Amino acid sequence: MEVKIYSNIWKQYLLLSVGLIFSLPITAYAFWGVNSLDEKNDLNFRPGLEAAFSSINPNTTYERAQYVFEVKPTKTLEQVMGLDSDGNVALITEVVARTERIKKPINYTNLKSPAVVLLHSCSGLHQRSLPDLNHWKNLFTSHGYAVLVIDSVGTRDIKPYSNCWGSKRPIGKDRLVKDLFDAVAHLSSMPEIDSSRIFALGFSLGAMTAGISGSMADDRGYASKPHPRAVAGLYGGCRYRSENWLESKSSFPILWLMGSTDQESPATDCMSSVKDLENQGIGSEWHTYENATHCWDCKALDGFTKTAGNGSKVTYLYDEATTQDSEQRILKFFEKFQTTPKQD
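As a starting point, this report considers the structure included with it. (Residues numbered from 1 in each chain as written. Predicted model: local features only at pLDDT ≥ 70, side-chain atom pairs only at ≥ 80, totals over all residues. Heavy atoms only, no water.)

**Describing the overall build of the protein chain**
Then, number 1: The number of helices and strands found in the protein chain is 6 helices and 13 strands.
Then, number 2: Here the protein chain, with 344 residues, has 44% of them falling under the buried criterion.
Then, number 3: When contacts within the protein chain are restricted to residue pairs at least 6 apart in sequence, those whose partners lie at least 24 apart make up 74%.
Then, number 4: Only carbon and sulfur atoms are counted for the fraction: they give 54% of the accessible area of the protein chain, which is about 18,600 Å². (Helix = DSSP H or I, 4+ residues; strand = E, 2+ residues; numbered from the N terminus. Buried < 20%, exposed > 50% of the residue type's maximum accessible area, 1.4 Å probe, protein only. Contact = heavy atoms within 4.5 Å. Areas by Shrake-Rupley, 256 points an atom, 1.4 Å probe, with all protein chains shown as cover.)

**Thoughts on the nonpolar core**
Then, number 1: Counting residues in hydrophobic clusters, the biggest one holds 46 residues, and the most contacted among them are V117, L119, I150, L187, I193, L246 and W256.
Then, number 2: The set of elements that each furnish at least two residues to this core consists of β4 (113–119), β5 (146–149), α3 (173–188), β6 (193–203), α4 (205–216), β10 (254–259) and α5 (271–280).
Then, number 3: For this core, the element with the highest residue contribution is α3, accounting for 7 residues.
Then, number 4: Setting aside anything within four residues of it in sequence, one finds I150 in contact with L43, F45, N59, V117, L118, L119, H120, L125, D179 and A183.
Then, number 5: Counting residues in each nonpolar core, the second largest holds 36 residues, with I56, F203, F334 and F337 among its members. (Core = buried A, V, L, I, M, F, W, Y, C linked by side-chain atoms within 4.5 Å.)

**Regarding the side chain of H126**
Then, number 1: Relative to the elements of secondary structure, H126 occurs in the loop between β4 and α2 (130–142).
Then, number 2: The exposure class assigned to H126 is buried, which follows from its relative accessible area of 10%.
Then, number 3: If near-sequence neighbours (up to four positions away) are discounted, H126 is found in contact with P160 and Y161.

**Focus: α3**
Then, number 1: Here α3 spans 23 Å end to end across 16 residues, near enough to the 22 Å set by a 1.5 Å rise per residue.
Then, number 2: Most of α3 is tucked away: 13 of the 16 residues are buried. (Expected span 1.5 Å × (residues − 1).)

**Details of unusual backbone geometry**
Then, number 1: For N59, which is not a glycine, the phi torsion comes out positive at approximately 55 degrees.
Then, number 2: Relative to the elements of secondary structure, N59 occurs in the loop between α1 (2–32) and β1 (60–62).
Then, number 3: A relative accessible area of 3% means that N59 is categorised as buried.

**Observations concerning empty space enclosed by the protein**
Then, number 1: As enumerated under the stated definition, the model contains 2 cavities of 30 Å³ or more in all.
Then, number 2: The computed volume of the largest cavity comes to approximately 260 Å³.
Then, number 3: Taken together, 24 residues make up the lining of the largest cavity; nearest its centre are S121, S123, C295, C298 and L301.
Then, number 4: Here the lining of the largest cavity gets 3 residues from one element, more than from any other, and that element is α2. (1 Å grid on protein atoms, 1.4 Å probe; cavity = no way out; pocket = protein on both sides within 12 Å on 5 of 7 lines; lining within 4 Å. Points joined across faces, edges and corners; volume = space filled by probe spheres on them.)

**Here's the deal with the packing of aromatic side chains**
Then, number 1: As enumerated under the stated definition, the model contains 15 aromatic pairs in all.
Then, number 2: The interplanar angle of 45 degrees and the centroid separation of 6.5 Å between the aromatic rings of F199 and F337 together place this pair among those described as tilted. Of this pair, F199 sits in strand β6 while F337 sits in the segment after α6 (320–335), and the two are 138 residues apart along the sequence. Comparing F199 with F337, the two get one shared label, buried.
Then, number 3: With a centroid separation of 5.3 Å and an interplanar angle of 80 degrees, the aromatic rings of F333 and F337 are classed as edge-to-face.
Then, number 4: With a relative accessible area of 1%, F333 lands in the buried category.
Then, number 5: Taking the relative accessible area as the measure of exposure, F337 reaches 10% and is therefore buried.
Then, number 6: Through a chain of ring-to-ring contacts, three or more aromatic side chains come together here, namely W136, F140, Y145, F199, F203, F333, F334 and F337.
Then, number 7: Over the aromatic face of Y240 sits the side chain of R169, whose NZ or CZ is 5.8 Å from the ring centroid.
Then, number 8: The ring centre of W245 lies 4.9 Å from the NZ or CZ of K173, which sits over that ring. (Phe/Tyr/Trp six-rings, centres within 6.5 Å; stacked < 30°, edge-to-face > 60°. Lys NZ or Arg CZ within 6 Å of the ring centre and 35° of its normal.)

**A closer look at the pairing of β6**
Then, number 1: Taken across its 11 residues, β6 has 10 buried, putting it largely inside the fold.
Then, number 2: Two strands pair when backbone bridges link them, and β4 and β6 are joined in this way by 6 bridges, in the parallel orientation. Bridge pairing links L119 to G202 in β6. (Pairing = 2+ DSSP bridges.)

In structure tokens, the structure reads:
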């Protein structure tokens, strides 16, 4: 009997040891790897502001546009080679219509600019995602916003698309949310930025990060950090296996935009939460676009097909009308929240 007891104890010990060995890489990831919340793993934001229409660099803030181009039609008399009245080749004078681009400075009434943090999808910043992110950056800078484009994946040496696999993704929910709050804190420290008007816009997993940050803001160590004034999300998933990414209450307003034919992030998974958020009475809004797929604004990914994390085979279809409506809804939503004087 004594031998059998010891035998069972050794079996249990062996199974426990094997389990610990296999869980060690996951544990290491969580505590000191790329998913760590330690400050050594925080994003390094570039200081200062880059020119509004510069190409995208990770963790860089772009200033609001400083000028606009006014297109002015002009007509001038110019000498060109042609046929004279006798049909001979000659130098003749004719009226030439042209357009002239006149550079005009923008005189902002507010010396400090509002700002938007752009949160990429699970694929990160790469050749096929940059054109569309650059479009959004230029949209906001041309409307008077500074823009911070963060990179939670590439700057931690994670390859594109490697963070798209659910519970196996190397960068998890808590780390992504901390990146957002760190970005808001960075912008708040900049003298050129209106710290009361810092917003966030996320795409897919970036939208999910923006959405869940509203319910994590006051109960997981972020209460003392600067919060975004409001956030917006495009085609974010609200339920993923056992995880909720959009709760029924938020510490700040959320605009949630969904597509009715999005199989990767089904709108039906979100309806209960978006209605509860709307009823919370702090200014949250939602809208579903009929016949819009996942990634409806992704011009560079039009026609892209893959198997999503939920097992659905999906095809991204760029929709210009839906994209333009999304732009206007987001700009209008952010404009609802004007400068708040600092409280002493």
